[in-house]
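Chain residues, written in single-letter form:
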Amino acid sequence: METAELLKKVRKIEIKTRGLSNQIFSGEYHSAFKGRGMTFSEVREYMPGDDVRTIDWNVTARFSTPFVKVFEEERELNVMLLVDMSASEAFGTRKQFKKDLITELCAVISFSAATNNDKIGVIFFTDKIEKFIPPKKGKSHILRIIRELINFTPQGKQTNITQALRYLTNVIKKKSIVFLVSDFLTEGFEDAIKIANKKHDVVALRIADAAEKILPKIGLIKLKNNETGAIKWVNTNDEKFRKNYTEKAMLFGNKLNEIFNRSGVDHTEIDAVRGYVKPLMYLFRRRESR
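(A) Local environment of the pattern of salt bridges. Per the counting criterion, the structure on display carries 16 salt bridges. A salt bridge links Asp-183 to Lys-98; the nearest nitrogen and oxygen atoms lie 2.9 Å apart. Residue Asp-183 is found in the loop between β6 (176-182) and α6 (190-199), and its partner Lys-98 is found in helix α3 (residues 98-115); the two are separated by 85 residues along the sequence. With relative accessibility at 2%, the residue Lys-98 sits in the buried group. Measuring nitrogen to oxygen at the nearest pair gives 3.8 Å for the salt bridge that ties Glu-148 to Lys-131. Of the two residues, Glu-148 is situated in helix α4 (residues 139-151) and Lys-131 in strand β5 (residues 129-136); the sequence distance between them amounts to 17 residues. Overall, the relative accessible area of 19% leaves Glu-148 in the buried class. Shared partners join several salt bridges into a network, and the residues in it are Arg-11, Glu-14, Arg-18 and Lys-139.

Next comes the structure, spelled out in C-alpha cells:
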C-alpha cells in the first residue's frame, strides 16, 4: 500500500475509534479492568461517614483532630492484543472484512488503554508468531499498531492459537490484560488458554460473519477455505444443506462458549452487522458488576 493511502486510512481509523474511546469506552474500560491495587495519595481531615479504619493516628495525634488516609487506584496496566492474522480473517459478506473489523476493534481498545495510562502491546499470529510489538505508551505507538494492522502481510495462512498463547506466557512476564482477537476456526487450544488465564487476564473476542452461520439461498456457489485453499461447490437452494450448515455453526459456537467458560475466560462475539460497540459495552459492564 502506498504511504499516502496508508496514512489516510490510519487517520480515518484514528478519528473514528479515538472518538468512540473518549466518548463511550474509556470510563467503562477503567471500571472493567482494575489496577494493581490502591496506593497512598494524601491525608485530609475526617468527615462524617469516612471509614474509621482509614484514620491516620500519627497525624491525628499531632494536630489533635482526626485525619484519614486517602488512597487512589494504582493503574498502569499492561494490555496485550493477541491478534489472529490468518487467511480466514480476509473474509466478509456484508459490511466489511473481518480483518477491517479487527483493526477498528484493536484501535478502540488501544485508545481506551491509553486514556487510562496503560501500556499496550501486540502479538500478531497465524500458524506461527508473525510479529511482536512490546507494550509501550503514547499516541505514536498506537498509530504504529494501527499501521501494522492495516498493512501487515503475514507469512502463514492457518491458525495456531496454542502456539500464540504459549509465546505470550513466555515473553510477557508481568500480569497483563490480554485481548485474544480471532474467529477461533481451530481446535485444541483449551489447555493453553487455561494456563494463560492463570497468569494473565484473558478476554476472548470472537470475530464472526453472518454467512458463517446462515447461508443465503443463492443457488450453486463455490466455497473456498482461505486457510487450506480447499474448494467446494455447494447448492444453497438445498434446504436440508442450509439447515445442517446452520446447526453445525450453532454447535461450533456453543462448543467455543463452553471452552471459554471452563477456562474462566470472559468472552463476546462481534460481527460486522452488529458492530463492536454494544458487545464491548456489555462485556465491560458484565466485568464491572462482578
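(B) Main features of the packing of aromatic side chains. Taken as a whole and assessed by the stated rule, the structure comprises six aromatic pairs. Ring centres of Phe-124 and Phe-152 lie 5.3 Å apart, and the angle between their planes is 45°; this geometry places the pair in the tilted category. Here the residue Phe-124 occupies a position in strand β4 (residues 119-125), and Phe-152 occupies one in the loop between α4 and α5 (161-171), the gap between them amounting to 28 residues. In this structure, Phe-124 and Phe-152 share a single accessibility class: buried. Judged by centre distance (6.3 Å) and plane angle (40°), the rings of Phe-241 and Tyr-245 are tilted. With Phe-241 and Tyr-245 both in helix α7 (residues 239-263) and four residues apart, the pair spans about one turn of that helix. Its relative accessible area of 24% is what places Phe-241 among the partly exposed residues. For Tyr-245, a relative accessible area of 23% corresponds to the partly exposed category.

(C) Looking closely at the confidence of the model for the chain. Averaged over the chain, the pLDDT score is 86; the fraction of residues at 70 or greater is 92%. When pLDDT is averaged over each element of the chain, α5 comes out on top at 97 and strand β1 (residues 37-45) at the bottom at 67.

(D) How the structure looks around the packing of α3 against α4. Packing of α3 against α4 leaves a shortest axis separation of 10 Å and a crossing angle of 170°. Judged on the interaxial angle alone, α4 and α3 are roughly antiparallel. Here α3 contributes Lys-99, Thr-103, Cys-106, Ala-107, Ser-110, Phe-111 and Ala-114 to the contact with α4, which in turn contributes Ile-142, Leu-143, Ile-146, Leu-149 and Ile-150. By residue class, the composition of the contact of α3 with α4 is nine nonpolar, two polar and one charged.

(E) The layout of surface pockets, seen in detail. Empty space within the largest pocket amounts to approximately 1,200 Å³. If you trace the largest pocket, you find 36 residues lining it, with Leu-185, Ala-211, Glu-212, Leu-223 and Tyr-245 closest to the centre. Broken down by element, the residue count for the lining of the largest pocket peaks at six residues, all from α7. Among the residues making up the lining of the largest pocket, the classes are represented as 18 nonpolar, six polar and twelve charged. Reported here for the second largest pocket is a volume of approximately 360 Å³. Lining the second largest pocket are twelve residues, with Lys-9, Ile-13, Gln-96, Asp-100 and Glu-104 sitting closest to its centre. For the lining of the second largest pocket, the elements supplying multiple residues, two or more each, are α1 (3-32), α3 and α4. When the residues that make up the lining of the second largest pocket are grouped by side-chain class, the tally is four nonpolar, two polar and six charged.

(F) Region of the structure containing unusual backbone geometry. With a phi close to 60°, Ser-64 is a non-glycine residue in the positive phi region. The residue Ser-64 is located in the loop between α2 (57-63) and β2 (67-74) in this model. Despite not being glycine, Asn-117 has its phi angle at roughly 65°, a positive value. Inspection of the secondary structure puts Asn-117 in the loop between α3 and β4.

(G) Structural context of the environment of Asp-209. With respect to the element layout, Asp-209 can be found in the loop between β7 (201-208) and β8 (220-224). Taking the C-alpha atoms as reference points, Asp-209 and Leu-6, 203 residues apart in sequence, are found 25 Å from one another.

Definitions and limits used
Residues numbered from 1 in each chain as written. Predicted model: local features only at pLDDT ≥ 70, side-chain atom pairs only at ≥ 80, totals over all residues. Heavy atoms only, no water. Salt bridge = Lys/Arg side-chain N within 4 Å of Asp/Glu carboxyl O. Helix = DSSP H or I, 4+ residues; strand = E, 2+ residues; numbered from the N terminus. Buried < 20%, exposed > 50% of the residue type's maximum accessible area, 1.4 Å probe, protein only. Phe/Tyr/Trp six-rings, centres within 6.5 Å; stacked < 30°, edge-to-face > 60°. pLDDT = per-residue confidence, 0-100. Axes fitted to C-alpha atoms, helices over the stretch in contact; angles between N-to-C directions. Parallel < 35°, antiparallel > 145°, perpendicular 65-115°, else oblique. Contact = heavy atoms within 4.5 Å. Nonpolar A, V, L, I, M, F, W, Y, C, P; charged D, E, K, R; others polar. 1 Å grid on protein atoms, 1.4 Å probe; cavity = no way out; pocket = protein on both sides within 12 Å on 5 of 7 lines; lining within 4 Å. Points joined across faces, edges and corners; volume = space filled by probe spheres on them.

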